[in-house]
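Listed below, chain by chain, are the residues.
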Amino acid sequence: MSTDPILQEQLQKLRQKYAAMGQDLSSYLDGLLYSDYLTYWDYIHLDTLLSLQNPKTSFKDEKVFIVYHQITELYFNLILWEIEQIVDHSQLDENFLCTRLDRINRYFQQLVNSFEIMVVGLEKEQFLKFRMSLLPSSGFQSGQYRMIEICSTDLYNLVNAKDRETVDEQSSIDEQIEKMYWRSGATELATGKKTLTLQQFEEKYMSRFKEMGDKHRNKNLRRLYLKYFPDSVEVKSRLRELDELANVRWPLAHFKSAAKYLQKSPEDIKATGGTNWQKYLPPRFQKIIFFPELWSEKEKQEWGRTGLG
């Protein structure tokens, strides 16, 4: 009986693969023969996934709140996965970069569009009650989002605008991270003290942020663009889209949600983590721009105020 030549070639490649590890191919074929068929629910660990929602109250909309934030963190994880593929690529070319940037922008677009789940998908009365059981946790404590920022641009571009006269591109990683714009977002306005939310956040992530800042100091999306693709129209258009999605549309979606639930006369309701959401979320105050050389002076001055691009 003749053997399919394609199958013979595959078997030979498998022999070579396992021989290189000092292993016997027939043993692995036995394992394949006796193993059970893979199921969809086992492959994505569905039962585990559905067990990860643990509300702190009996309010039904709290599950919506939890699931939405879990989905958000999964998208952040995909964005980081794509960025790492870009910065670690040994022979980065325009096609690979644009393909990955398109993926990143689709993830961000999905996130921006999905925020309606938070804006109109929760009953205000339920939200304002179950949120009190979440103290002092806050969406501010999303470490993955800060990692996306660190991998995307120079730390200097993430420094508070008012501190950029004293902290420049030559400053140490510690000096730049000390002045990150988001740290002031969880600082008490009256006393200048760090909120418990910020203290917890820094304890968990700060060493990781410094490691990433060092790794990506000369190898982030902005640096790769400036070094290899400064004249590429295709790359520029995708980076502009990323800047607008991450630094204008995404924070504005957050602000829209916060304003609906927390804006109240005569005094706004405080966020669960004590964050200064009125000053922290609107992009017109922070003016965080990953790729400043891609925007005109007028566009930068009007950042977050009008439509871009």
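Below is a short write-up of the structure. (Residues numbered from 1 in each chain as written. Predicted model: local features only at pLDDT ≥ 70, side-chain atom pairs only at ≥ 80, totals over all residues. Heavy atoms only, no water.)

### Describing unusual backbone geometry
With an omega of -5°, the peptide bond between L135 and P136 qualifies as cis. Locating P136 in the fold gives a position in the loop between helix 8 (124–130) and helix 9 (143–152). The backbone phi angle of H45 is positive, close to 50°, even though this residue is not glycine. Checked against the element boundaries, H45 lands in the loop between helix 3 (40–43) and helix 4 (46–50). Classification of H45 as exposed rests on a relative accessible area of 52%. (Helix = DSSP H or I, 4+ residues; strand = E, 2+ residues; numbered from the N terminus. Buried < 20%, exposed > 50% of the residue type's maximum accessible area, 1.4 Å probe, protein only.)

### A look at the environment of Y107
Mapped onto the fold, Y107 is located in helix 6 (residues 94–114). Assessed through its relative accessible area of 16%, Y107 is described here as buried. Sequence separation between Y107 and G139 is 32 residues, and the spatial gap between their C-alpha atoms is 18 Å.

### A word on a nonpolar patch on the surface
Residues L38, Y40, W41, Y43 and I44 make up a contiguous nonpolar surface patch of about 640 Å² in total accessible area. Secondary-structure assignment places I44 in the loop between helix 3 and helix 4. Using a relative accessible area of 32% as the deciding quantity, one classes I44 as partly exposed. (Patch = residues over 30% accessible without salt bridge, like charges linked within 9 Å, V, L, I, M, F, W, Y side chains within 5 Å. Areas by Shrake-Rupley, 256 points an atom, 1.4 Å probe, with all protein chains shown as cover. Salt bridge = Lys/Arg side-chain N within 4 Å of Asp/Glu carboxyl O.)

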